[in-house]
Amino acid sequence: MSRQSNRTTDSKKMNAELFTLTYGALVTQLCKDYENDEEVNKQLDKMGYNIGVRLIEDFLARSSVGRCQDFRETADVIAKVAFKMYLGITPSVTNWSPAGDEFSLILESNPLVDFVELPDNHSSLVYSNLLCGVLRGALEMVQMAVEVKFSQDTLRGDNVTEIRMKFIKRMEENLPAGDE
Amino acid sequence: MLTRLKTQVPLFSMNSYTKLREKLKLSGLSFASTHSHVIRLGRHSRHNSKMAVCIAVIAKENYPLFIRSVPIQNELKFHYTVHTSLDVVEEKISAVGKAMADQRELYLGLLYPTEDYKVYPHLIKWYVTCLHQFFSYQIVCILLYRHTRYGYVTNSKVKFVIVVDSSNTSLRDNEIRSMFRKLHNSFTDVMCNPFYNPGDTIQSKAFDSIVSAMMVQAS
């Protein structure tokens, strides 16, 4: 089902600032439209989900990794291959829960948030929530239901950005839930 | 009405001179000269790396986006200072005119030095009583600072003005240029913040910290 990896040489370079500014414009426009941080977070997650269900195909075509045997392998692939390929950063995988179904991705730098400073009236906005949606959508397409959320964020004053991912269940051959 | 003394002030007696010096020392000011008819006072400066007394960022439409001054003295005075230096900036911009094939941002350099006068009423009384022994009432203007202003304009007509207190060691041109470069860089970072609307006052913490690093520490 995976295409031949003739897309690997196709990654054109693009200016990172344009990407950051585009994302920033997106978030601020959502804030203006919805005027409610929680609502904006939800929308970002939905958008991320839609990106994720499509991005997984591209990822599988480019990286030609096989099926992951367990969640740990999934975590490594996400951190070392996926993030590197799309954002150019390599987060570290830490804080495994005892049951082995929850882990943290620690990002020292997040290219989405260069130059961004959250104003005080948006204190509950999760700026990079798109990433959560992308991860959730992508994993759902490979039959893994996960819950993704940010537990630390540099925009809120923490030192690093931490994404917490929890494995919920392996999905049987269901059709994806579709756009919510 | 404050007028400058026109005649030379003879040195007053050692006694009153030392008393006056002590009094001035207590308020952190120093005597630079006793002969001239204008007494120059300068602040003791123990730190030479941070020299700016006031930093301002002014938008294209000539309203301030950011203005911060050392809070010791009257802040309004600095606002006026910056406002008047805008006139000089405008003049310089228009003077270059058609010859602006030069793509570099305009570093305007020294705008003009001013001698600001500030009157300390309690010190005046002291001084006058000392003088009184020698001649009748003359009120002095005490030259407090010599401020020099430096300007910098970007291609988008955003202006930066730095006011420094030049009674300390005078800053080299390079240092001023590097200060402006730093300011310009952090200004572009502020601009890139998606939550910042161009035309708003600048409230970024990162920008504040860069500016504070350049200002004279309030002692």
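The name that an unreviewed UniProt entry assigns to chain B is Trafficking protein particle complex subunit 2-like protein, with the source organism given as Oncorhynchus tshawytscha. For chain B, the Sequence similarities (unreviewed entry) comment in UniProt is given as "Belongs to the TRAPP small subunits family. Sedlin subfamily." On record in UniProt, under Subcellular location (unreviewed entry), the comment for chain B is "Cytoplasm, Perinuclear region".

As annotated in an unreviewed UniProt entry, chain A carries the name Trafficking protein particle complex subunit and is attributed to Oncorhynchus tshawytscha. As stated in UniProt under Subunit (unreviewed entry), the record for chain A gives "Homodimer." As stated in UniProt under Sequence similarities (unreviewed entry), the record for chain A gives "Belongs to the TRAPP small subunits family. BET3 subfamily."

Draft legend 1. Expanded view of the confidence of the model for chain B. Residue and element names in this part refer to chain B. When the pLDDT values of chain B are averaged, the result is 64; 46% of them are 70 or greater. The spread of mean pLDDT over the elements of chain B runs between strand S2 (residues 39–43), the lowest at 40, and helix H5 (residues 205–214), the highest at 88. In the predicted structure, residues 1–14 sits below a pLDDT of 50 and forms 33 contacts with residues beyond four places in sequence or in another chain. Across residues 28–49, where pLDDT falls below 50, the model places 61 contacts with residues more than four positions away in sequence or in other chains. Scored as a complex, the prediction yields pTM 0.68 and ipTM 0.74.

Draft legend 2. Geometry of the packing of helix H2 (residues 37–63) of chain A against helix H3 (residues 71–87) of chain A. Residue and element names in this part refer to chain A. In the contact formed by H2 and H3, the axes pass within 11 Å of each other and the chain directions differ by 100°. With respect to H3, the element H2 is oriented roughly perpendicular. The residues of H3 that touch H2, namely those facing Leu 55, Asp 58, Phe 59, Arg 62 and Ser 63, are Val 77, Val 81, Ala 82, Met 85 and Tyr 86. Per-class residue counts for the contact of H2 with H3 are seven nonpolar, one polar and two charged.

Draft legend 3. Representation of the interface of chain B and chain A within the structure. On the chain A side, the residues contacting the eight residues of chain B number 14 residues. For the chain B and chain A pair, buried surface summed over both sides reaches about 910 Å², with 66% attributable to carbon and sulfur atoms. Three residues stand out in chain B for area buried against chain A, namely Cys 192, Pro 194 and Phe 195 of chain B, and they jointly supply 65% of the buried area on that side. For the pair chain B and chain A, the interface holds zero salt bridges. Put simply, the parts of the chain that give the side of chain B that touches chain A at least two residues each are helix H4 (173–192) and H5 of chain B. Residue composition of the side of chain B that touches chain A, by class: four nonpolar, two polar and two charged.

Draft legend 4. Seen up close, the sheet that holds strand S1 (residues 92–94) of chain A. Residue and element names in this part refer to chain A. Sheet architecture is open: four strands sit in the order S1-S2-S4-S3, paired in antiparallel fashion. Two strands bound the open sheet, and with one partner strand each, they are S1 and strand S3 (144–152). Across the sheet, the mean angle separating the axes of adjacent strands is 30° when strand polarity is ignored. As paired elements, S1 and strand S2 (residues 102–107) share three bridges and run antiparallel to each other. Across the sheet, residue Thr 94 finds its bridge partner in S2, namely Ser 104.

Draft legend 5. Structural view of the side chain of Ser 69 of chain B. Residue and element names in this part refer to chain B. Summarising the element assignment, Ser 69 is placed in strand S4 (residues 64–69). A relative accessible area of 6% places Ser 69 in the buried class. Beyond its immediate stretch of four places on either side in the chain, Ser 69 contacts Val 53, Cys 54, Glu 75, Phe 78 and Met 215.

Reading the values: rules and limits
- Here, residues in each chain are numbered from 1, in the same order as that chain's written sequence.
- As they are written, the chains are lettered A onward and the ligands numbered 1 onward, keeping that order.
- pLDDT decides what is reported in this predicted model: residues at 70 or higher carry local features, side-chain atom pairs at 80 or more are listed and counted, and totals for whole chains, interfaces and linings draw on all residues regardless.
- Only hydrogens and water are set aside; all other atoms, that is, all heavy atoms of the structure, feed into the side-chain values.
- UniProt positions are given in the numbering used here, feature names are shortened, and annotations may be inferred rather than shown by experiment.
- Looking at any residue, its pLDDT shows the predictor's confidence there, from 0 to 100.
- Elements are defined by DSSP. Helices are runs of H or I of four residues or more, strands are runs of E of two residues or more, and each kind is numbered from the N terminus.
- Contacts: residue pairs with any heavy atoms within 4.5 Å of one another.
- An axis is simply a line fitted to the C-alpha atoms; with a helix, the fit covers only the stretch in contact. Between two such axes, the angle follows the N-to-C directions and lies from 0 to 180 degrees.
- In these notes the angle categories are as follows: under 35 degrees is roughly parallel, over 145 is roughly antiparallel, 65 to 115 is roughly perpendicular, and the rest is oblique.
- Residues are grouped as follows: Ala, Val, Leu, Ile, Met, Phe, Trp, Tyr, Cys and Pro are nonpolar; Asp, Glu, Lys and Arg are charged; every other residue, Gly included, is polar.
- When two parts are brought into contact, each loses some accessible area as probed by a 1.4 Å sphere; the total of that loss over both is the buried area.
- Within this document, salt bridges are pairs made up of a side-chain nitrogen of Lys or Arg and a carboxyl oxygen of Asp or Glu, the two lying within 4 Å of each other.
- By this definition, two strands are paired if DSSP reports at least two bridges between them.
- Each residue is placed in one exposure class: buried if its accessible area under a 1.4 Å probe, protein chains only, is under 20% of its type's maximum, exposed if it is over 50%, and partly exposed if it falls in between.

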